[in-house]
Amino acid sequence: VRSVKQAILCNGPLSVCSGNWWHCVVLVGWYNDIDGGSWYIKNSWGAGWNNHWYGTIPFNDSDYSEIRNDAWYVGGIYHA
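Quick look at the structure, then. Everything quoted here is computed from the prediction, not taken from an experiment. (Residues numbered from 1 in each chain as written. Predicted model: local features only at pLDDT ≥ 70, side-chain atom pairs only at ≥ 80, totals over all residues. Heavy atoms only, no water.)

1. Quick look at unusual backbone geometry
Rules: Helix numbers and strand numbers start at the N terminus; a helix is a DSSP run of H or I with at least 4 residues, a strand a run of E with at least 2.
Of note in the backbone geometry, Trp53 takes a positive phi value of approximately 90° without being a glycine. By the secondary structure assignment, Trp53 is in the loop between strand S3 (38–42) and strand S4 (54–58).

2. Looking at the state of the cysteines
Here is the rule we go by: Two cysteine sulfurs form what is called a disulfide whenever their separation falls within 2.5 Å. Residue exposure (1.4 Å probe, protein chains only): buried if accessible area is under 20% of the type maximum, exposed if over 50%, otherwise partly exposed.
Scanning the entire structure with this criterion turns up 1 disulfide. The side chain of Cys17 participates in a disulfide bridge whose partner is Cys24; the two sulfur atoms lie 2.0 Å from each other. Of note, the bridge from Cys17 to Cys24 carries an S-S torsion of about 105° and is right-handed in sense. Note on Cys17: relative accessible area 17%, which makes it buried.

3. Quick look at the side chain of Ser38
Rules: The criterion used for residue contact is that any of the two residues' heavy atoms lie within 4.5 Å.
Position of Ser38 relative to the elements: it lies in strand S3. Those residues in contact with Ser38 that sit more than four places away from it in its chain are Gly29, Trp30, Tyr31, Thr56, Ile57, Pro58 and Phe59.

4. Brief notes about the nonpolar core
Put simply, the test is: Side-chain atoms within 4.5 Å are what join buried Ala, Val, Leu, Ile, Met, Phe, Trp, Tyr and Cys residues into a set we call a nonpolar core.
Counting residues in each nonpolar core, the largest one holds 12 residues, listed as Val4, Ala7, Ile8, Leu14, Val16, Val25, Leu27, Trp39, Ile41, Ile57, Phe59 and Ile67. Only helix H1 (2–11), strand S1 (14–18), strand S2 (23–31) and S3 provide two or more residues apiece to this core. Per-element accounting of this core gives the leading share, 3 residues, to H1. Not counting residues up to four positions away in its chain, the partners in contact with Phe59 are Val1, Lys5, Trp30, Tyr31, Asn32, Gly36, Gly37, Ser38, Trp39, Ser65 and Arg68.

Structure, rendered in structure tokens:
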């Protein structure tokens, strides 16, 4: 969890994919609470999904929590 948080801080939103539910979303942030916390995600299913494109996934103890195992960021765009 800590390394993914650092990647968001240093690189911006991350592309994350789930092998359990075969879908990718954008990991845009997180919040901590007494239960450990959750990731904030942006989904591609449209404004009618969850909270106008955005939702949460718990850090742990969810079928979707494994998204942190496959997180990627864009390293940059280079002008030739």
